[in-house]
Amino acid sequence: MKMRTSISRHQSAMTIIEMIVATGVFSVAMAAMIGASIALQTSFSATDDYFTAEGDQLRVMDYFNTDLRRALAVQKDSNTVSYTPPGGAATTYSYAIGDSKATKYFTMVIPNYRDLTDRTLTTSPLTVNMPKVSSDNKVDYGQPIVVCYYLSGSSLYRAEVNPNLPSSDTRNNPRSIADNVSDFNVSDPSFVKNPLTTQTFVQVSATFAPKYSRKGWAAALSSNTDSRVGTTLGSKVQLRNVF
Amino acid sequence: MKIQSRLHNPTPITAGRFLMTPCARRESGSTLIAALVTLTVLALIAASTFLTVTHRYRANFQTASWHDALTSAEDGAQYALVRLRSPLTKTDPSINASSSSTTSTTTTPNTPNQNQVLVDPDLVPGSLQYDLAKLKPGDISTNGTIPTTFSYTRIQLPTLTIPHIGQGSSQFSAVVTVDAVPNTGLNGSSTWYRIQSVGTVPLPGNASAGIQKYDNLLRKLQFRSNGTGAGNNLTTAQAVRTIEIIAKPVSIGSAALFGKSGINLNNKNVVIDSYDSRNPGVTSNADGTYNASKATKSANVVTDDIASASGSPGVINLSSTGAYVNGNIATNDTPVKGDTSHVSGTITEDFFQYLPNPPDPGTMGVTWASFPSASGNINLDTTTGTKTAPLRYKVDGTGNNGTSLGLQNNELNITGNGYIEIWIPGGLSVNGNAAINIPNGATVTFYVDGKVDITGNGVLNSSTIPGRVTFYGNPDPASSQSISVAGNADFAGIIYAPNSDVNAQGGGNSGAIYGSIVAKTIFFNGGTTLHYDQALGDLGAVIDYRISSWYEDNTLVR
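Treat the numbers as computed from the prediction; the structure is a model and nothing was measured. (Residues numbered from 1 in each chain as written. Chains lettered and ligands numbered in written order. Predicted model: local features only at pLDDT ≥ 70, side-chain atom pairs only at ≥ 80, totals over all residues. Heavy atoms only, no water.)

Participant: How do you make sense of the environment of Met19(A) when you look at a structure like this?
Facilitator: Looking at the element boundaries, Met19(A) is found in helix H2 (residues 16-69). The spacing of Met19(A) and Gly35(A) is 16 residues in sequence and 23 Å in space, taken between C-alpha atoms. (Helix = DSSP H or I, 4+ residues; strand = E, 2+ residues; numbered from the N terminus.)

Participant: Could you clarify how one ought to interpret the sheet that holds strand S8 (residues 155-161) of chain A in this entry?
Facilitator: Sheets are built from strands that pair by backbone hydrogen bonding, the pairs being arranged parallel or antiparallel. All names here are of chain A. If you trace the 5 strands from one edge of the open sheet to the other, you get S1-S4-S7-S8-S9, paired in antiparallel fashion. Strands with a single pairing partner mark the edges of an open sheet, and in this sheet they are strand S1 (73-76) and strand S9 (175-178). For this sheet, the mean angle separating the axes of adjacent strands, direction not counted, is 25°. Here 8 bridges tie strand S4 (residues 102-110) to strand S7 (residues 145-152), and the two strands are oriented antiparallel to one another. Note that in S7 the partner of Thr107 across the bridge is Cys148. Against the sheet, H2 contacts S1, S4, S7, S8 and S9, and its axis sits at roughly 120° relative to S9. (Pairing = 2+ DSSP bridges. Axes fitted to C-alpha atoms, helices over the stretch in contact; angles between N-to-C directions. Contact = heavy atoms within 4.5 Å.)

Participant: Please clarify how the packing of aromatic side chains should be interpreted in this entry.
Facilitator: Aromatic ring pairs: the centre-centre distance and the angle between the two ring planes describe each pair. All told, the structure shown has 23 aromatic pairs over all chains when counted by the stated rule. On the numbers, 5.6 Å between centres and 70° between planes, the contact of Phe64(A) with Phe106(A) is edge-to-face. A residue pair is termed long-range when its members are at least 10 positions apart, and Phe64(A) in helix H2 and Phe106(A) in strand S4 qualify at 42 residues. By relative accessible area, Phe106(A) is classed as buried at 0%. Judged by centre distance (6.2 Å) and plane angle (40°), the ring pair of Phe106(A) and Phe184(A) falls under tilted. Residue Phe106(A) is found in strand S4, and its partner Phe184(A) is found in strand S10 (residues 181-187); the two are separated by 78 residues along the sequence. Here the basic side chain of Arg240(A) rests over the ring of Trp550(B), its NZ or CZ set 4.5 Å away from the ring centre. A cation sits over an aromatic face here: Arg219(B) above Trp66(B), 4.8 Å from the ring centre. (Phe/Tyr/Trp six-rings, centres within 6.5 Å; stacked < 30°, edge-to-face > 60°. Buried < 20%, exposed > 50% of the residue type's maximum accessible area, 1.4 Å probe, protein only. Lys NZ or Arg CZ within 6 Å of the ring centre and 35° of its normal.)

Participant: So what exactly am I meant to see when it comes to the side chain of Ser152(A) here?
Facilitator: Inspection of the secondary structure puts Ser152(A) in strand S7. Here Ser152(A) falls in the buried class, since its relative accessible area comes to 11%.

Participant: When you look at unusual backbone geometry in this model, what are you seeing that I'm missing?
Facilitator: Most of the time, phi is negative for any residue but glycine, and the peptide bond is trans. A positive phi angle is found at Asp77(A), which is not glycine, with a value near 55°. For Asp77(A), a relative accessible area of 53% gives the class exposed. Positive phi, normally seen in glycine, also occurs at Asp333(B), with a value near 80°. Within the secondary structure, Asp333(B) is located in the loop between strand S16 (329-330) and strand S17 (347-348). By relative accessible area, which is 47% here, Asp333(B) ends up partly exposed.

Participant: Could you clarify how one ought to interpret the pairing of strand S12 (residues 271-275) of chain B in this entry?
Facilitator: Residues in a regular strand project their side chains so that they alternate between the two faces of the sheet. Residues and elements named next belong to chain B. With 4 of 5 residues buried, S12 is to be regarded as a mostly interior element. Across 2 bridges, S12 lies against strand S15 (residues 324-325) in parallel orientation. Each bridged residue has a counterpart across the sheet, and for Ile272 the counterpart in S15 is Val325. Bridge count between S12 and strand S33 (residues 529-533): 5 bridges; the pairing is parallel. Across the sheet, Tyr275 pairs through a bridge with Asp533, a residue of S33.

Participant: Is there a simple way to explain the confidence of the model for chain B in this structure?
Facilitator: Reading fine detail from the predicted coordinates is not recommended where pLDDT is low. All names here are of chain B. Averaged over every residue, the pLDDT of chain B is 85; residues scoring 70 or more account for 87%. Across residues 98-110, where pLDDT falls below 50, the model places 29 contacts with residues more than four positions away in sequence or in other chains. Reported confidence for the predicted complex is 0.81 by ipTM and 0.84 by pTM. (pLDDT = per-residue confidence, 0-100.)

Participant: Help me out: how do you make sense of a nonpolar patch on the surface in this one?
Facilitator: Residues Leu40(A), Leu32(B), Ile33(B), Leu36(B), Val37(B), Leu39(B), Val41(B), Leu42(B) and Ile45(B) make up a contiguous nonpolar surface patch of about 830 Å² in total accessible area. Considering each element in turn, the nonpolar patch owes the most residues, 8 residues, to helix H2 (residues 15-85) of chain B. Of the residues examined, Leu36(B) reaches a relative accessible area of 47% and is grouped as partly exposed. (Patch = residues over 30% accessible without salt bridge, like charges linked within 9 Å, V, L, I, M, F, W, Y side chains within 5 Å. Areas by Shrake-Rupley, 256 points an atom, 1.4 Å probe, with all protein chains shown as cover. Salt bridge = Lys/Arg side-chain N within 4 Å of Asp/Glu carboxyl O.)

Participant: It is not clear to me how the sheet that holds strand S11 (residues 200-208) of chain A should be interpreted in this structure. Could you clarify?
Facilitator: Residue and element names in this part refer to chain A. Spatially, the 3 strands line up as an open sheet ordered S10-S11-S12, and their pairing is antiparallel. A strand with exactly one partner marks an edge of an open sheet, and here the two such strands are S10 and strand S12 (232-239). In this sheet, adjacent strand axes meet at a mean angle of 15° when their direction is disregarded. Of the pairings in the sheet, the one linking S11 to S12 comprises 8 bridges and is antiparallel in character. Opposite Ala206, over in S12, you have Leu233 as the bridge partner. Packing of H2 onto the sheet brings it into contact with S10, S11 and S12, and relative to S11 it is tilted by some 155°.

Participant: For this particular structure, what's the right way to read the pattern of salt bridges?
Facilitator: Oppositely charged side chains can form a pair if their charged atoms are brought close together. One pass over the full model with this rule turns up 21 salt bridges over all chains. Across the salt bridge formed by Asp62(A) and Arg219(B), the nearest N and O atoms sit 2.8 Å from each other. Taken as a pair, Asp62(A) in helix H2 and Arg219(B) in helix H4 (residues 215-219) lie in two separate chains rather than in one. Just as Asp62(A) is buried, Arg219(B) falls in that class too. Between Arg70(A) and Asp67(A) there is a salt bridge, with the nearest N and O atoms lying 2.7 Å from each other. Each member of the pair, Arg70(A) as well as Asp67(A), carries the same accessibility label: buried. Connected through shared salt-bridge partners, Asp56(A), Arg59(A), Asp62(A), Asp215(B) and Arg219(B) make up one network.

Right, here's the structure in full:
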C-alpha cells in the first residue's frame, strides 16, 4: 500500500521545476507554431495579392490594347480628343468627368459598331451599324463612341459613352477596371526611321502599387517610392485605324 | 505507441506499470485529439490553398484563352483576305518567268512568281467576289454558305480550325463571313468588302468564372450560352472574340507615280500635283477637269526600290534643284536622292506593294475583231459594249501599219458610253496633230505590247478625264517596252506598265499628263507636269486589298 501511495503521489504531480520546464517548452512550441502560422498566412496572403495584382495588370493592359487597336483618334492627358469624321470637318469629342478626384485622363474615339438603342432584346443585339465608305475613301460607322480612362484615387476607371444612348443609360457610366493603380502613361515613341505612313504605334504603360510589398505599400499609393519598382507594365500598340 | 503497447500487452506485468496505465490512456487521448485538430487545420489550409490556386489557375487559363481567341479571329480575317486576293491574278503560261532578267528579288521579300498577270476577280466564276456579286441569299456557293437570315448576300466560309499544341485547348476555330460594303462598286468604282471573323477557344476546366470580378466585363466568357438566345446551348465553356475588318481595294491608280525600280524627276520644273474630279467646283472644274487654282496635295510618289538589271537598287531622285511633289513620297528602304525641299508631304521608307504583270490579251480566251484601217479618221461606237462583254478590237496586220497603230494628223474617235478594248501587239504612235478622242462616259482599255510614242501635239484622251482610260503595257517582265510622252502631247488615263520604261519630256508649252503612272522606271524631264486625279484611287483594276478599318466588338450590351 505504501508503495502504491508513493507511486501514485509521484505520478499525479509535477515538481515546480518540471512545470516551469514544461510551460517553457510549451510556450516556445506554441510561439513557434503561431509564428509559423502567421508567416504562412502572410505569405499566402501576399501570394494571393500578387496574383490579384497580376490579374489587374493584365486586365488594364488588355483594356488599353483592345481600345487602342480599334481607336480612330487618341489624345493623352486630356478628356477631349480631336477627330475628323469621314467626309467631315475636325470635331472635338469630350467626356464630362463627374469625379472630382479624377487626376489623369486619356481619351479616344472608337467606331460606333452596334446599335444598342433597342434594349428590349433579350439577347445581344445582332444589329450592327452598317459601315459606309465616304467620298474621301474612309470607313464610316457614324458618330463615334468616346472612351475615356481616368485615375481616381488608386482606382482606374473606364467610361464608354455611346452617342445614341441617353446620358442616363447605365451603360454610359464609368466603371472601375482595377485597383491599386498609381499612374498610367501614353506616349508616341519616336522611331529610328521616319514615322510610318500607314500605321501609328503608341506606347502605353500603367504603374501599380503592390500590396504584396510588406514595406511601404501604403506610401506607394500616394508617392513615388522604390516599392513600386518593377510593377510598371507597358506595351506598344498599333493604332490600326489611324492613318 | 502507448495504445499499441497496451494492445500487445493487455496484462500488466508489474503493479507499477499497471498503475501507470490510466495516466497513459489519458495522454493517448489528448495526443489523438491534438493530432486530429492539427490535421484538420492543415487540411483546411491545404484546401484553402488548393481552392485559391485552382481559381488562379482557371483565371490565368481563361485570360490566355481569351488572348488566343483574338489570334483565332485574326487568322480567320487573314484567311478571308487571302480568299479575296487569290483571284486577282492568274498564271500566264506564255510568260517564261525563269527567263526574266529585269528584276532581282534580293531586295524584296515575298516577291511572288513573275508569270502572274492581272485579272478582274468580278469576271472569274467561283471567286468570292463573283459569288458576292452574282448570288442571292439561299443560293449555293462553292465558297461557303449564304444564309437566308440576311436580305443581302453574305457568304460564310467553311469554319477554319487551327490546331494548337500545348496546354489548354487543342483546337481553336474561326467562323468568317464576307459581304460587300453597301453602295460600293458603283459607277466603275471597286467594291469594298466587310469581313467578320469570330474566333473561339474552348475553356478548360469547370464552367465557372475566375474570381476577378473586373475581368467579366472585359472578357465576356461564355459558360452556358453563346448569347444567341438559344438558351443554355453550350456544352463546353468558351472564349469568343469578334473582329470586323473592311478590306479596301488597292487599284492600279492608287498613287500618282509608282516606279517599280525607281523614279527620276530631273529638275525643279517637274511638278506633280493632284485634283479630285469627284468634287467638281471645289477641287476641280465644274466638269471634273483639272484646275490649277484648285489643285490639292495628294499626289503620292512611291517605289518598290527593286534593283534594276544592273543590280543597283531602285531609288527616287528629285534632282539637285528639287522637283515639286505635292504629296507624300515612300520608298522601300532606300533614301530619296536630291533636294527634297519641294516635297509637301512626308518621306518614308517603309513602302512595298506587289505589282502583278498587266493582263495578257493573248491568253484571255476571247474573240478579237480586226481593228479598222488607220489611214483616215476612225470612229468606234462603244454603245453595245458592257463590262462583262466589251467590244474588242485587235490591230492584227490588216491595217496599214501591220500590228502597230500609227496616227499622224488623223483621229481615233470613240463614242458612246459603253466598254471597249483595243489590243495593239505592235507599237502605238500619236503625233503631229493626231488625237484619240474619248468621251467621258466611255470606258476604254488599251493593251499595247510595243513602243509607244505620243509626241508633237498628239493627244490621247482629249476629254482629259483619266478615270475610264486604262493603258496596259507589255505583260512580259523580259520586255523592253518604252512609253514616251513628249512635246505638247497630252495624255489622260492610267498607265499600268510595271515592265516598261516611261519617259516624259515635257518640252512644249501646253502638254501635260492627267492620271497616274505605274512603270518599271519613270523619267520626267523638262517641264513635265502630272496632275493626279484622286478619283483614280477608287477606279480601275484591283491589285490588292488593304485593311482600311479594324474593329473588335467588345460592346457592353446591357
